[in-house]
Amino acid sequence: MFPTVQLGPLNIQAPGLVIIISLWAGLSLAEKFAKRNGYPADKIYNLVLVSLIAGVIGARLSFVLSNISVFAVSLSSIVSLNPGLLDPFGGTVTALLAAVIYGYKNHLEIWSTLDTLTPFFAVVMIGIGVSHLSSGNAYGAETSLPWGFNLWGAMRHPSQVYEIVASSVTLLIIWHDFSKNVSPGIHFLKFFIITSIWIILLEGFRGDSQIFVAGIRSNQIIALITLAVSVILYEERISIKANNLD
Amino acid sequence: MPAMQRAFLDYQDEGVIFLAVNSTSQDSVSAVENFIGQYGITFPILLDKEGDAMDSYQISSLPTTYFIDRSGIIREVVIGGPMAEALLRTRIDKLLIGSR
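Predicted model, so just to flag it, every value in this text is computed and none were measured.

So, the environment of A:Ile222
And step 1. Relative to the helices and strands, A:Ile222 is located in helix α8 (residues 218-245).
And step 2. Sequence-wise, A:Ile222 and A:Ile199 are 23 residues apart; in three dimensions their C-alpha atoms are separated by 9.5 Å.

This is the structure:
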């Protein structure tokens, strides 16, 4: 694949670069949608920025605390730019906490905010797919199909390309429906429903994911739970809209 | 590379093997010797004169670090550098889980 990009004397890690570009593009798109829907775009920008900064700091702190003996030997590694020294779970929890605190302090309505952020999430999902393609991670199972490509010593399903196509289609659907007048939360829940469905369908083509039981992957179980919760909440939001019309 | 040398000294008694491979097809033996002297490297540096290791391991960028477990399975590939010492040590600790 293309794990690094050579820019003059600089050898840049392509997956990280792709993620940064997708964060920027997603945020720009979310701001555009926020303005179109009369939502305070500056607050969306600040919310994402605060969450990202808190997420990165939290991810590093969590990693350091989990490996304290290693960092005691190498203190300078605490401020290393290496993304391999981040704990995704700790980062996610910290980012969510920061978002909740920021939203509470600024009186942001949760469902409208999540709707406004939906284009951001959709673009970042595409970015994650491209970063997987770049690094060769999330690779596909072996196949003899004509569109298989050579990766890690075997012809494989281009699972990263499937991921990019599925998340691009999700963005197009979200984009198409965004101007519709619906209950707050519908766009966000629709994004979650579509994304959960394609993860359930495409996960089976992966060659690296962890199998939970009877050939079912852990990510499929998580996506199934997410799908069920999203559908229940979606129905609830739809009924609120219907009741308001009555 | 100094970080790798320190880690080598700390982990060698636990059976961890450090092998550096020089892409000699793109470099020179004298440059390797200077490098060893400059950083005081004491772990083996292999010379890939024909580029066979580069091809076998599908190396697209230097440095590339492979973490290989006791069964010979590649558990992680880190492309680019310099690698933080903590990254090196956490990955080795992960490979050693169960054998300590």
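Looking at a nonpolar patch on the surface
Residue and element names in this part refer to chain A.
And step 1. Residues Tyr45, Leu49, Ile53, Ile57 and Leu61 make up a contiguous nonpolar surface patch of about 460 Å² in total accessible area.
And step 2. As for its placement among the helices and strands, tyrosine 45 is situated in helix α2 (residues 41-66).
And step 3. When its relative accessible area of 34% is taken as the criterion, tyrosine 45 is described as partly exposed.

As for the pairing of strand β3 (residues 64-68) of chain B
All names here are of chain B.
And step 1. Burial of β3 is extensive: four of the five residues sit out of reach of the surface.
And step 2. As judged from the five bridges shared by β3 and strand β4 (residues 74-79), these two strands associate in the antiparallel manner. Following the sheet pairing, tyrosine 66 is matched in β4 by valine 77.

Description of the packing of helix α5 (residues 110-135) of chain A against helix α7 (residues 186-202) of chain A
All names here are of chain A.
And step 1. Interhelical geometry of α5 versus α7 gives an angle of 35° and a closest axis separation of 7 Å. Contacts between α5 and α7 involve Trp111, Leu114, Asp115, Thr118, Phe121, Ala122 and Met125 from the former and Ile186, His187, Phe188, Leu189, Phe191, Thr195 and Trp198 from the latter.
And step 2. Taken together, the residues that form the contact of α5 with α7 break down as 10 nonpolar, three polar and one charged.

Let's talk about the packing of aromatic side chains
And step 1. Counted according to the given criterion, the structure contains 14 aromatic pairs over all chains.
And step 2. Centroid distance A:Phe191 to A:Phe192: 6.0 Å. Interplanar angle 80°. Geometry classified as edge-to-face.
And step 3. Looking at A:Phe191, the relative accessible area reads 5%, which means it is buried.
And step 4. Plain terms: the ring middles of B:Phe18 and B:Phe43 are 5.9 Å apart, the flat faces sit at 45° to each other, and that makes the pair tilted. One end of the pair, B:Phe18, is in the loop between α1 (2-11) and β1 (20-22); the other, B:Phe43, is in the loop between α2 (29-39) and β2 (45-47), and 25 residues separate them in sequence.
And step 5. Members of the aromatic cluster, joined through ring pairs, are A:Phe120, A:Phe121, A:Phe188, A:Phe191 and A:Phe192.

Quick notes on the interface of chain A and chain B
And step 1. Residue-level contacts link 17 residues of chain A with 13 residues of chain B.
And step 2. At the boundary of chain A with chain B, total buried surface from both sides reaches about 1200 Å², with 60% on carbon and sulfur atoms.
And step 3. The tally of links between chain A and chain B comes to zero salt bridges.
And step 4. Scanning the region where chain A abuts chain B turns up three residue pairs in polar contact (both at pLDDT 80 or more).
And step 5. Elements that contribute at least two residues to the side of chain A that touches chain B include exactly β2 (10-13) and α3 (68-73) of chain A.
And step 6. Ranked by residues supplied to the side of chain A that touches chain B, first place goes to α3(A) with three residues.

Some remarks on the pattern of salt bridges
And step 1. Evaluated as defined, the whole model comprises nine salt bridges over all chains.
And step 2. A salt bridge links A:Lys180 to A:Asp177; the nearest nitrogen and oxygen atoms lie 3.2 Å apart.
And step 3. Among the salt bridges present, the one from B:Asp10 reaches B:Arg89, with a minimum N-O distance of 2.7 Å. With a gap of 79 residues between them, B:Asp10 in helix α1 and B:Arg89 in helix α4 (residues 85-96) connect regions that are remote in the sequence.
And step 4. Among the charged side chains, a salt-bridge network with shared partners connects B:Arg6, B:Asp10, B:Glu85 and B:Arg89.

Details of the side chain of B:Glu85
And step 1. Secondary-structure assignment places B:Glu85 in helix α4.
And step 2. Judged by relative accessible area, B:Glu85 falls into the buried class, the value being 6%.
And step 3. In terms of polar contacts, B:Glu85 uses its side chain to reach the side chain of B:Arg6, at 2.6 Å.
And step 4. Not counting the four nearest positions on each side in its chain, B:Glu85 is found in contact with A:Val73, A:Ser74, A:Ser77, B:Ala3 and B:Arg6.

Comments concerning α7(A)
And step 1. Helix length check: α7(A), at 17 residues, gives a terminal C-alpha distance of 24 Å against a target of 24 Å (1.5 Å per residue), a fit within 8%.
And step 2. Those residues of α7(A) lying buried are A:Ile186, A:His187, A:Phe188, A:Leu189, A:Lys190, A:Phe191, A:Ile193, A:Thr195, A:Ser196 and A:Trp198.

Each value, and the rule that gives it
- Residues numbered from 1 in each chain as written.
- Chains lettered and ligands numbered in written order.
- Predicted model: local features only at pLDDT ≥ 70, side-chain atom pairs only at ≥ 80, totals over all residues.
- Heavy atoms only, no water.
- Helix = DSSP H or I, 4+ residues; strand = E, 2+ residues; numbered from the N terminus.
- Patch = residues over 30% accessible without salt bridge, like charges linked within 9 Å, V, L, I, M, F, W, Y side chains within 5 Å.
- Areas by Shrake-Rupley, 256 points an atom, 1.4 Å probe, with all protein chains shown as cover.
- Salt bridge = Lys/Arg side-chain N within 4 Å of Asp/Glu carboxyl O.
- Buried < 20%, exposed > 50% of the residue type's maximum accessible area, 1.4 Å probe, protein only.
- Pairing = 2+ DSSP bridges.
- Axes fitted to C-alpha atoms, helices over the stretch in contact; angles between N-to-C directions.
- Contact = heavy atoms within 4.5 Å.
- Nonpolar A, V, L, I, M, F, W, Y, C, P; charged D, E, K, R; others polar.
- Phe/Tyr/Trp six-rings, centres within 6.5 Å; stacked < 30°, edge-to-face > 60°.
- Buried area = accessible area lost by both parts, 1.4 Å probe.
- Polar contact = N/O pair within 3.5 Å; in protein donor to acceptor, adjacent residues only side chain to side chain.
- Expected span 1.5 Å × (residues − 1).

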